[in-house]
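Notes for the structure review
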Amino acid sequence: MAKFTVNPALEAMLARMVAPHVQRIAFQVEIEAKRLAPATKRWITMADDQVRPTHAKMQGQLVPANLRFSVPSMDWDRQHRGVGRATYMKSPRDQTSRAVANLKNCRCTVSLDPEGIARNITTGQPVISGKKVTVTVTARTPMVVEAEVGTVYPDGLTAEGTHFMARAAAAVAART
Ligand SMILES: [Zn+2]
């Protein structure tokens, strides 16, 4: 009785032949992900001696645009507005954060960077293991997981996920 088994050397050769194709697909996912990735936003203070201490700490802080900044709370808001140690703001003076004192007379602004996540999305080299070919598309930005799937803050506020990586993969899968 004869039994046919694929020569491991042949499997490896086939994997090497397929690898460039897999990598081309991964590059398409990278391009789509860059198109769909949310911006990042940076908290900017007036950087003078009038900036309250809770906002001075925020100078330069960066988060994906769909998320909230985590701002140190002010005592009045903790006592009267039920916020915790942090106040979660989409932007300076964000009334949905439930704070009052921490918004009053605030002159801070936000600086948007449309490419903040996109420029950190890369495609790796194909990794061949037996007959398996893997190419990984990676997005390296602080809080990128929350940018993808969203998050819930300790006081019950939420941020919707943008699902840019999942949508990129789905878009490429739909046309290949
Ligand atoms: Zn401010």
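Residues numbered from 1 in each chain as written. Predicted model: local features only at pLDDT ≥ 70, side-chain atom pairs only at ≥ 80, totals over all residues. Heavy atoms only, no water.

**Some words on the sheet that holds strand β2 (residues 62-64)**
Operational definition: Pairing between two strands requires that DSSP report at least two bridges joining them. In this text, helices come from DSSP runs of H or I with a minimum length of four residues, and strands from runs of E with a minimum of two, each type numbered from the N-terminal end. Simply put, an axis is a line fit to the C-alpha atoms, just over the touching stretch for a helix, and the angle between two N-to-C directions goes from 0 to 180 degrees.
Ordered by their spatial adjacency, three strands build an open sheet running β2-β1-β5, and the pairing between neighbours is antiparallel. Edge positions in the sheet fall to β2 and β5 (109-113), since each has one partner strand and no second. Sheet twist, expressed as the average angle between the axes of neighbouring strands with direction ignored, equals 30 degrees.

**Details of the nonpolar core**
Note the threshold: The criterion is simple. A nonpolar core is a set of buried Ala, Val, Leu, Ile, Met, Phe, Trp, Tyr and Cys residues joined through side-chain atoms within 4.5 Å. The classification of residues rests on relative accessible area computed with a 1.4 Å probe and restricted to protein chains. Under 20% of the type maximum is buried, over 50% is exposed, and intermediate values are partly exposed. We call two residues in contact whenever any of their non-hydrogen atoms come within 4.5 Å of each other.
With 15 residues, the main nonpolar core has Ile117, Ile121 and Phe164 as its most contacted residues. Those elements that place two or more of their residues in this core are α1 (8-36), β9 (137-139), α4 (144-149) and α5 (164-175). Of the residues forming this core, the biggest block, four residues, is contributed by α1. Contacts of Ile117, omitting those with residues within four sequence positions, involve Ala37, Pro38, Ala39, Thr40, Pro64, Thr141, Val144, Ala147 and Phe164. By size, the runner-up hydrophobic cluster in this structure holds 10 residues, among which are Trp43, Phe69, Leu103 and Cys108.

**Regarding the environment of Val22**
Following the sequence through the fold, Val22 ends up in helix α1. Between the C-alpha atoms of Val22 and Thr136, which are 114 residues apart in sequence, the distance is 9.9 Å. Those residues in contact with Val22 that sit more than four places away from it in its chain are Val133 and Val135.

**Focus: the packing of aromatic side chains**
Pairs of aromatic rings are described using the distance from one ring centre to the other and the angle between the two planes. Applied cut-off: By convention, a stacked pair of Phe, Tyr or Trp rings (six-membered ring in the case of Trp) has centres within 6.5 Å and planes under 30 degrees apart, an edge-to-face pair has planes over 60 apart, and any other such pair is tilted.
This structure, assessed with the given rule, holds two aromatic pairs. With a centroid separation of 5.1 Å and an interplanar angle of 85 degrees, the aromatic rings of Trp43 and Phe69 are classed as edge-to-face. Of this pair, Trp43 sits in strand β1 (residues 40-44) while Phe69 sits in strand β3 (residues 69-72), placing them 26 residues apart in sequence. Trp43 gets classed as buried once you look at its relative accessible area, which sits at 0%. Owing to a relative accessible area of 0%, Phe69 belongs among the buried residues under this scheme.

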